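# Secondary and tertiary structure notes
If you want the building blocks of each chain, they are given just below.
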Amino acid sequence: MSAIWEQYSALIVIGVVMGGVLTAVAYLVLLERWISAWMQDRIGPNRVGPMGLLQPLADGIKMFLKEDIVPEHVDRVFYFLAPGVAAATALLAIAVVPFGATVPLPAPLADLAAYNQAWQLYHQQVATDRCVIAPGIDIGFLFTFAVTSLAVYGIILGGWSSNNKYSMIGALRSSAQLISYEIPLGLAALSVVLVAGSLNLETIVGDQVAHGWNIWTQPLAFLLFLIGAFAECNRLPFDLPEAEQELVGGYHTEYSSMKFGLFFLGEYTHMITTSLMVSVLFLGGWDLPGVTGGTGWLAWGLKLAVLMAKLGFFILLYMVIRWTIPRFRFDQLMHLAWKLMIPLATANVMMVAVVREFGWSRWAMLAGSAGLVAVWAVFEVINGNRAINMPVRNKVGREPVGV
Amino acid sequence: MSLPEPIITPAGLEAPFDLSTYYPILIYSVIVIGFSVVTLFGSWLISPGKRTAVKMMPYESGMDPIGDARQRFDVKFYLIAILFLVFDVELLFLYPWAVVAYREGADALWKAEFGRLVFCEILVFFASLAVAYVYAWRKGVFAWR
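Structural notes, computed from the coordinates. (Residues numbered from 1 in each chain as written. Chains lettered and ligands numbered in written order. Predicted model: local features only at pLDDT ≥ 70, side-chain atom pairs only at ≥ 80, totals over all residues. Heavy atoms only, no water.)

## Some thoughts on the overall build of chain B
- A tally of regular secondary structure across chain B gives three helices and two strands.
- Secondary structure elements of chain B occur, N-terminal to C-terminal, as β-β-α-α-α.
- Relative to the 2.2 N^0.38 estimate, which gives 15 Å for 145 residues, the radius of gyration of chain B is 27 Å and therefore markedly larger than a compact globule would have.
- Along the longest, intermediate and shortest principal axes, the C-alpha atoms of chain B span 75 × 60 × 15 Å.
- Here chain B holds 145 residues, and the buried ones make up 32% of them. (Helix = DSSP H or I, 4+ residues; strand = E, 2+ residues; numbered from the N terminus. Rg over C-alpha atoms; globule rule 2.2 N^0.38 Å. Buried < 20%, exposed > 50% of the residue type's maximum accessible area, 1.4 Å probe, protein only.)

See below:
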């Protein structure tokens, strides 16, 4: 309704989000270093400023001022394009993800008076408590999904243009990993969309406020989505693209200075986006039964705080898991995606569709999830966990160990 | 504020497609792209540049590089990419169905007439997909060595 030059509130929210995300990324790096120090019984950064709190600032200045080496053998256009793509897609993906109170879109209404009233109320509410850059986008989740898929371009362009063996292998692995884990991610979200009947994230939150969080009714979809999100962020145990011990830095081996910084920014922004996404799709967004609700500034702040707490929980989970679980081997990675997560996710979608088709209670999906996990467990026991063990290279006889 | 004319659907009165909800994304993407460009070129301008022969070499853990980096690689990466296309397009087909099929306020008459039929069609779709999946599995696409 309003013209493009009248989007003042959008500009304010964009400023808040950009500032918030960039600051958060800087301090997440510090937090990550603190947590890794704590888990490895070290002290961690504590020299720059009180308790090392100015460390991100020093890091940022250092990155900006470091020599920007452009080696001779690189493909210059793509070499410069890759970090820009990585950072821009990561930042862009957050555009439709709510970070606080949301207003669900009005459902279709029978008469004109009710329609006018509902939409007028909607526009009023959006004007006051707007906690998302672009509210009311019909395609909501699909937008984020599409833009995060573009992140693979940043990685493959960086790896290819660097003309370095480590980068090349890292980029190949990474692109195979990202596209493989995108499918279970999308299928897990599909089962939420089937329940909520909308791709709009505000409506999905509204549905959960009315009917309870999706994690209680669809724990399997939640797990699949979480694992897929870990893989999409290239975080341990899925950090094969940049496995330091074997690939030096993976696809960003040849990058220095702020170009490396932009890759880093992209990775941490992905963490924030996916954590928010998990909270919104499965943990009811700002909803906390018995605490949040109502209108006004106090309720608004409370909703914001609840969603930020959920975000913080998932960020901490990312960091603790990084220092807990060792890295997968590549065949295990592909096995997990293609032989386990994709069949389970597809079966999960069909199960949800059956429950919705016959109009059963939502709690039937909990039983369905448990049933699917049981079927998978039986399957694994019968199969003797064969595929996870080291693959047999030669069917006739094995090579001697240690050759 | 004046509201746009609602469109009449079987479910009731719905708001028409509103392009202005997408304006913030347009503004945001311009700002984000500007941010990346400015950061890249800013650091490129400020940073010192002392070119030496060693710095310009591909990094290979201190060894002189042997051969070109762009060599042949495993065909499995292609197979995974092709299979990804199949499943991703499948996802894109399923999203519209997932949105429309069971939303609240859907047309009851339509559901009574065609609901079960659409459900069976989706099952057939899944079955054809399963055939492709089993074929790829038996052909050893997922067997990494």
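## Points about the interface of chain A and chain B
- Listed by partner, the interface residues are 102 residues for chain A and 80 residues for chain B.
- In this structure, Arg116(B) and Glu357(A) form a salt bridge, with 2.7 Å as the shortest nitrogen-oxygen distance.
- Seen at the junction of chain A and chain B, the total is seven residue pairs in polar contact (both at pLDDT 80 or more).
- The element that contributes the greatest number of residues to the side of chain A that touches chain B is helix α6 (residues 165–196) of chain A, accounting for 16 residues.
- Residue composition of the side of chain A that touches chain B, by class: 65 nonpolar, 19 polar and 18 charged. (Contact = heavy atoms within 4.5 Å. Salt bridge = Lys/Arg side-chain N within 4 Å of Asp/Glu carboxyl O. Polar contact = N/O pair within 3.5 Å; in protein donor to acceptor, adjacent residues only side chain to side chain. Nonpolar A, V, L, I, M, F, W, Y, C, P; charged D, E, K, R; others polar.)

## Some words on the nonpolar core
- Counting 125 residues, the largest nonpolar core has Phe141(A), Phe225(A), Leu281(A), Trp338(A) and Tyr28(B) as the members making the most contacts within it.
- Grouped together as the second largest cluster of nonpolar side chains are 14 residues, Val74(A), Ile155(A), Leu157(A) and Tyr255(A) included. (Core = buried A, V, L, I, M, F, W, Y, C linked by side-chain atoms within 4.5 Å.)

## Examining unusual backbone geometry
Residues and elements named next belong to chain A.
- Unusually for a residue other than glycine, Asp41 sits at a positive phi of about 60 degrees.
- Position of Asp41 relative to the elements: it lies in the loop between α1 (8–39) and α2 (55–65).
- Classification of Asp41 as exposed rests on a relative accessible area of 71%.
- Even without glycine at this site, Met51 takes up a positive phi of about 55 degrees.
- Examined against the element boundaries, Met51 turns out to sit in the loop between α1 and α2.

## Details of the packing of helix α3 (residues 76–92) of chain A against helix α11 (residues 257–282) of chain A
All names here are of chain A.
- Contact geometry for α3 and α11: axes closest at 8 Å, N-to-C directions at 20 degrees. In terms of axis orientation, α3 runs roughly parallel to α11. Read as a crossing pair, α3 and α11 show a hand that is left-handed. Between α3, through Tyr79, Phe80, Ala82, Pro83, Gly84, Ala86, Ala87, Ala90 and Leu91, and α11, the contact on the second element is made entirely by Lys259, Leu262, Phe263, Leu265, Gly266, Thr269, His270 and Thr273. (Axes fitted to C-alpha atoms, helices over the stretch in contact; angles between N-to-C directions. Parallel < 35°, antiparallel > 145°, perpendicular 65-115°, else oblique. Left-handed = near helix turned anticlockwise from the far one by under 90°.)

## Overview of empty space enclosed by the protein
All names here are of chain A.
- Across all of its chains, the model carries four cavities of 30 Å³ or more by this definition.
- Quantified by volume, the largest cavity comes out at close to 140 Å³.
- Along its surface, the largest cavity is lined by 14 residues, and Ile155, Asn234, Tyr251, Glu267 and His270 are the ones closest to its centre.
- With four residues, α11 is the largest single contributor of residues to the lining of the largest cavity.
- Considering only residue class, the lining of the largest cavity consists of seven nonpolar, four polar and three charged.
- Lining the second largest cavity are Phe141, Thr144, Phe145, Thr148, Leu185, Phe225, Ala229, Glu232, Thr273, Thr274 and Met277.
- Those elements that provide at least two residues to the lining of the second largest cavity are α5 (140–162), α9 (219–232) and α11. (1 Å grid on protein atoms, 1.4 Å probe; cavity = no way out; pocket = protein on both sides within 12 Å on 5 of 7 lines; lining within 4 Å. Points joined across faces, edges and corners; volume = space filled by probe spheres on them.)

## Comments concerning helix α1 (residues 23–46) of chain B
- Look at α1(B): 34 Å from first C-alpha to last across 24 residues, which is about the 34 Å you get at 1.5 Å a residue.
- Restricting attention to buried positions, one finds in α1(B) the residues Pro24(B), Ile25(B), Ile27(B), Tyr28(B), Ser29(B), Val32(B), Ser36(B), Thr39(B), Leu40(B), Gly42(B) and Ser43(B).
- Elements that come into contact with the buried residues of α1(B) comprise α1, α2, α3, α5 and α11 of chain A. (Expected span 1.5 Å × (residues − 1).)

## Considerations on the environment of Leu307(A)
All names here are of chain A.
- Position of Leu307 relative to the elements: it lies in helix α12 (residues 297–322).
- Residues Leu307 and Leu283, spaced 24 residues apart in sequence, show a C-alpha to C-alpha distance of 9.1 Å.
- Setting aside chain neighbours within four positions, we find Leu307 in contact with Pro98, Phe99, Gly100, Leu276, Ser279, Gly285 and Trp286.

## Concerning the pattern of salt bridges
All names here are of chain A.
- Under the counting rule described, the total for this entry stands at eight salt bridges over all chains.
- One salt bridge in this structure joins Asp59 and Arg33, with 3.5 Å as the shortest N-O distance. You can see Asp59 sitting in helix α2 and its partner Arg33 sitting in helix α1, a full 26 residues away along the chain.
- On the basis of relative accessible area, Arg33 is assigned to the partly exposed category, the value being 34%.
- Its salt-bridge partner being Arg235, residue Glu267 comes within 3.9 Å of it at the nearest N-O pair. Linking Glu267 in helix α11 with Arg235 in the loop between α9 and α10 (244–247), this pair joins segments that are 32 residues apart in sequence.

## Some thoughts on the packing of aromatic side chains
All names here are of chain A.
- Taken as a whole and assessed by the stated rule, the structure comprises 36 aromatic pairs over all chains.
- On the numbers, 5.3 Å between centres and 40 degrees between planes, the contact of Phe264 with Tyr268 is tilted. Of this pair, Phe264 and Tyr268 are both found in helix α11, four residues apart, which corresponds to roughly one turn of the helix.
- Given the relative accessible area of 27%, Phe264 is considered partly exposed.
- The exposure class assigned to Tyr268 is buried, which follows from its relative accessible area of 3%.
- Judged by centre distance (5.5 Å) and plane angle (25 degrees), the ring pair of Phe358 and Trp360 falls under stacked.
- Of the residues examined, Phe358 reaches a relative accessible area of 39% and is grouped as partly exposed.
- Across from the ring centre of Trp286, 4.3 Å away, lies the NZ or CZ of Lys303, which sits over that ring. (Phe/Tyr/Trp six-rings, centres within 6.5 Å; stacked < 30°, edge-to-face > 60°. Lys NZ or Arg CZ within 6 Å of the ring centre and 35° of its normal.)

## Let's talk about the side chain of Thr144(A)
Residue and element names in this part refer to chain A.
- When you line up the elements, Thr144 lands in helix α5.
- By relative accessible area, which is 4% here, Thr144 ends up buried.
- Setting aside residues no more than four positions away along its own chain, Thr144 makes contact with Ala93, Val96, Val97, Thr273 and Met277.

## Here's the deal with the packing of α1(A) against α11(A)
Residue and element names in this part refer to chain A.
- Contact pair α1 / α11: the axes reach a minimum separation of 10 Å and the direction vectors enclose 95 degrees. Comparing their axes, α11 and α1 come out roughly perpendicular. Between α1 and α11, the contacting residues are Val21, Leu22, Ala24, Val25, Leu28, Val29 and Glu32 on the first element and Phe264, Leu265, Tyr268, Thr269 and Ile272 on the second.
- Taken together, the residues of the contact of α1 with α11 break down into ten nonpolar, one polar and one charged.

None of this, on its own, says anything about what the molecule does.
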